[in-house]
Amino acid sequence: MPGTAVSSHASGQAQLLGIGQVLALLQPEFPELTPSKLRFLEEQRLVSPARTAAGYRKFSRADVDRITVVLSMQRDHYLPLKVIRTHLEAIDAGETPALPGATDAATFLAGARRLRRDELIEAAGATRALLDEAVSASLLAAAETYGEEAVGVLRSLVALRRVGIEPRHLRGLRAAAEREAALVERAIAPSRRSDAADKARAAERALELAGHLETVHASVVRSALAHLAR
């Protein structure tokens, strides 16, 4: 993997950027990014900006690329930062690990692509009508562009439709997900304060709890279908 895509210690020191410049570059795509979130990413060892003699952080273009990858992996794949860190550390070490929660690490790290509606439909082998039905059933959001996860969801809906399972049959999934999300929000409420770093930590904890809920959910479904193997 090219070092310029993920390395936090690349050359190009002549183009070091301050926090304000980094925010100006990235906030149009990641409006939730704040100085506190940048400091939190450094605290989590996901980026290592240089420091001036006065202690000010200075980011290389490679640092900005790395931050973009981290934020894209969070947004498009809902991955906890510790999973992202492990993945990027493996790449830094010269390995080519599979991307957690995705099928094509090279494609993702090359640019965390966003797909227009027509591109999403083509990539998933779906139809415009199926995408519209998925949006209507709240299985996908109504948006101008989509990430890689939406491709996986739409592909699954294509496969389910082949056996007669339609998006409208899955409306209950959204209601169940919202109930589980409410449980997680209540659980992390005491740790959510006004500081952006505290909010980032709480969001990380929420993703961990969501992973546990996903494990329990999958187990319950498998258990409910176990009689088919008897």
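Rules used in this analysis
- Residues numbered from 1 in each chain as written.
- Predicted model: local features only at pLDDT ≥ 70, side-chain atom pairs only at ≥ 80, totals over all residues.
- Heavy atoms only, no water.
- Axes fitted to C-alpha atoms, helices over the stretch in contact; angles between N-to-C directions.
- Helix = DSSP H or I, 4+ residues; strand = E, 2+ residues; numbered from the N terminus.
- Parallel < 35°, antiparallel > 145°, perpendicular 65-115°, else oblique.
- Contact = heavy atoms within 4.5 Å.
- Nonpolar A, V, L, I, M, F, W, Y, C, P; charged D, E, K, R; others polar.
- Salt bridge = Lys/Arg side-chain N within 4 Å of Asp/Glu carboxyl O.
- Buried < 20%, exposed > 50% of the residue type's maximum accessible area, 1.4 Å probe, protein only.
- Patch = residues over 30% accessible without salt bridge, like charges linked within 9 Å, V, L, I, M, F, W, Y side chains within 5 Å.
- Areas by Shrake-Rupley, 256 points an atom, 1.4 Å probe, with all protein chains shown as cover.
- Core = buried A, V, L, I, M, F, W, Y, C linked by side-chain atoms within 4.5 Å.
- Expected span 1.5 Å × (residues − 1).
- pLDDT = per-residue confidence, 0-100.

## Considerations on the packing of helix α8 (residues 128–136) against helix α9 (residues 148–162)
And step 1. Between α8 and α9, the least distance of the axes is 11 Å, while the angle of their chain directions is 105°. With respect to their mutual orientation, α8 and α9 come out roughly perpendicular. Between α8, through Leu130, Leu131, Glu133 and Ala134, and α9, the contact on the second element is made entirely by Leu154, Leu157, Val158 and Arg161.
And step 2. Of the residues in the contact of α8 with α9, the class split is 6 nonpolar, no polar and 2 charged.

## Quick notes on the pattern of salt bridges
And step 1. As enumerated under the stated definition, the model contains 10 salt bridges in all.
And step 2. Between Asp92 and Arg66 there is a salt bridge, and its shortest N-O distance comes to 3.1 Å. In this pair, Asp92 sits in helix α5 (residues 81–92) while Arg66 sits in helix α4 (residues 61–77), placing the two residues 26 residues apart along the sequence.
And step 3. Residue classification places Arg66 among the buried residues on the basis of a relative accessible area of 3%.
And step 4. Where Arg161 meets Glu133, a salt bridge forms, and the shortest distance between an N and an O atom there is 2.4 Å. Placement of Arg161 in helix α9 and of Glu133 in helix α8 is noted, with a sequence separation of 28 residues between them.

## So, a nonpolar patch on the surface
And step 1. On the surface, Val221, Leu225 and Leu228 cluster together into a nonpolar patch covering about 290 Å² of accessible area.
And step 2. Its place among the elements puts Leu228 in the segment after α11 (196–225).

## Observations regarding unusual backbone geometry
And step 1. For Arg45, which is not glycine, the phi torsion reads 65° and is therefore positive.
And step 2. Structurally, Arg45 is set in the loop between α3 (35–43) and β1 (50–51).
And step 3. Classification of Arg45 as exposed rests on a relative accessible area of 52%.
And step 4. Positive phi is not limited to glycine here, since Ser138 has a value of about 65°.
And step 5. Its relative accessible area of 32% is what places Ser138 among the partly exposed residues.

## Thoughts on the nonpolar core
And step 1. One finds Val22, Leu38, Leu41, Ile67 and Ile84 to be the most contacted residues of the largest nonpolar core, which totals 25 residues.
And step 2. Every element with two or more residues in this core is listed here: α2 (19–26), α3, α4 and α5.
And step 3. For this core, the element with the highest residue contribution is α4, accounting for 6 residues.
And step 4. Ignoring any residue separated from it by four or fewer positions in sequence, one finds Leu38 in contact with Ile19, Val22, Leu23, Leu33, Phe59 and Ile67.
And step 5. Counting residues in hydrophobic clusters, the runner-up holds 18 residues, among them Ala124, Leu131, Ala134 and Leu157.

## Some words on α4
And step 1. Taking 1.5 Å of rise per residue, 17 residues should cover 24 Å, and α4 covers 24 Å from first to last C-alpha, within 8% of that figure.
And step 2. Burial analysis of α4 places 13 of its 17 residues in the buried class, which makes it a mostly covered element.

## Remarks on α3
And step 1. Buried within α3 we find Ser36, Lys37, Leu38, Phe40, Leu41 and Glu42.
And step 2. Positive phi shows up at Arg45, right after α3, with a value of about 65°.

## A closer look at the confidence of the model for the protein chain
Atomic detail in the predicted coordinates should be set aside for any region of low pLDDT.
And step 1. With 85% of its residues at a pLDDT of at least 70, the protein chain reaches an overall mean of 82.
And step 2. Model confidence for the protein chain, summarised as mean pLDDT per element, is weakest for helix α1 (residues 3–6) at 40 and strongest for α8 at 95.
And step 3. For residues 102–111, every residue scores under 50 in pLDDT, and the model assigns this stretch 23 contacts once sequence neighbours within four places are set aside.

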